[in-house]
Amino acid sequence: MNFRKILLPLNAKPSQPTSYIYVSDNASTSKKLLLLIPASGQGGPGVWAPSVVVDKGLDAGSQIPYIKRALSDGYGVVCLHPNGGNVMTDGKRTSVKYHEDSKQHLRYVWDHVIMKTKASRIAVGANGDGGGAVVDLMSTRPKQVRRKLFAVALSDAADNCFTSAGNAANKRFLNIVCQGWVCCAEPINTQITCTDGSLKICSAGTSRPEEIALAIIESVFQFFVERYNKASKR
């Protein structure tokens, strides 16, 4: 796996606080991209659950299994860093311009990195409130998002995302491209009714939030295949 680190904001001055993301070498040229977005407070790019990495290893708590699967399926990969908006500078915590929270971070990466690639189809894997950043992007860049985004896989995030989707057009689009998995001891992919009955939500087959990402990986990529095939027929 060959990845490169991109400092953000782009062209930052040496004295300016920066955040960063990781992108695969093929990210700028691939027709398909997968964006991986961890939840707030869950470490840096490439990590779903830092505590699980410590306790059970990289395959259990990092995004490496998703990255390997995505690359083998022909995706370019972008690992976002929604938790990098505050850094220590001269002993003081300083905000990184355009990256103060997960929503601003995704908007900036979308505008300055994603939209500069050749990708015509984009999928997202988002954990926790990372899903909220995706919904915000739908609201602030609706034409671009609806043209390119074909699938959103949410783990432990679905109900809140649909509630915050806002207008009816966003909700209709989210209902088409999105599927969520939540903590539940029911067999994996058992459908669970959303609070408003509109978004497909399934059991992750585990009651432990930190285990969701690895538990649902096969289901997520099967969902991506199904959505990609449907989107390609439009």
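Nothing here was measured: the structure is a model prediction, and the numbers come from that model.

**Student:** How do you make sense of the confidence of the model for the protein when you look at a structure like this?
**Tutor:** When pLDDT is low, close inspection of the predicted coordinates is not appropriate. Overall, the prediction assigns the protein a mean pLDDT of 89, with 93% of residues at 70 or greater. Across the protein, the secondary-structure element scoring lowest on mean pLDDT is helix H7 (residues 158–163), at 57, and the one scoring highest is strand E4 (residues 75–79), at 98.

**Student:** Sorry if this is basic, but what is going on with the pattern of salt bridges here?
**Tutor:** Any two side chains of opposite charge can pair, given that their charged atoms come close. Taken as a whole and assessed by the stated rule, the structure comprises seven salt bridges. In this structure, Lys-56 and Glu-211 form a salt bridge, with 3.1 Å as the shortest nitrogen-oxygen distance. In this pair, Lys-56 sits in helix H1 (residues 50–56) while Glu-211 sits in the loop between strand E11 (201–203) and helix H9 (212–215), placing the two residues 155 residues apart along the sequence. Residue class for Glu-211 comes out partly exposed when judged on its relative accessible area of 25%. Notably, a salt bridge pairs Glu-218 with Arg-69, separated by 3.0 Å at the nearest N-O pair. Of this pair, Glu-218 sits in helix H10 (residues 217–232) while Arg-69 sits in helix H3 (residues 64–72), and the two are 149 residues apart along the sequence. In this structure Glu-218 comes out as exposed when scored by relative accessible area, which is 51%. Through salt bridges with shared partners, a single network forms among Lys-56, Arg-208, Glu-210 and Glu-211.

Conventions adopted
Residues numbered from 1 in each chain as written. Predicted model: local features only at pLDDT ≥ 70, side-chain atom pairs only at ≥ 80, totals over all residues. Heavy atoms only, no water. pLDDT = per-residue confidence, 0-100. Helix = DSSP H or I, 4+ residues; strand = E, 2+ residues; numbered from the N terminus. Salt bridge = Lys/Arg side-chain N within 4 Å of Asp/Glu carboxyl O. Buried < 20%, exposed > 50% of the residue type's maximum accessible area, 1.4 Å probe, protein only.

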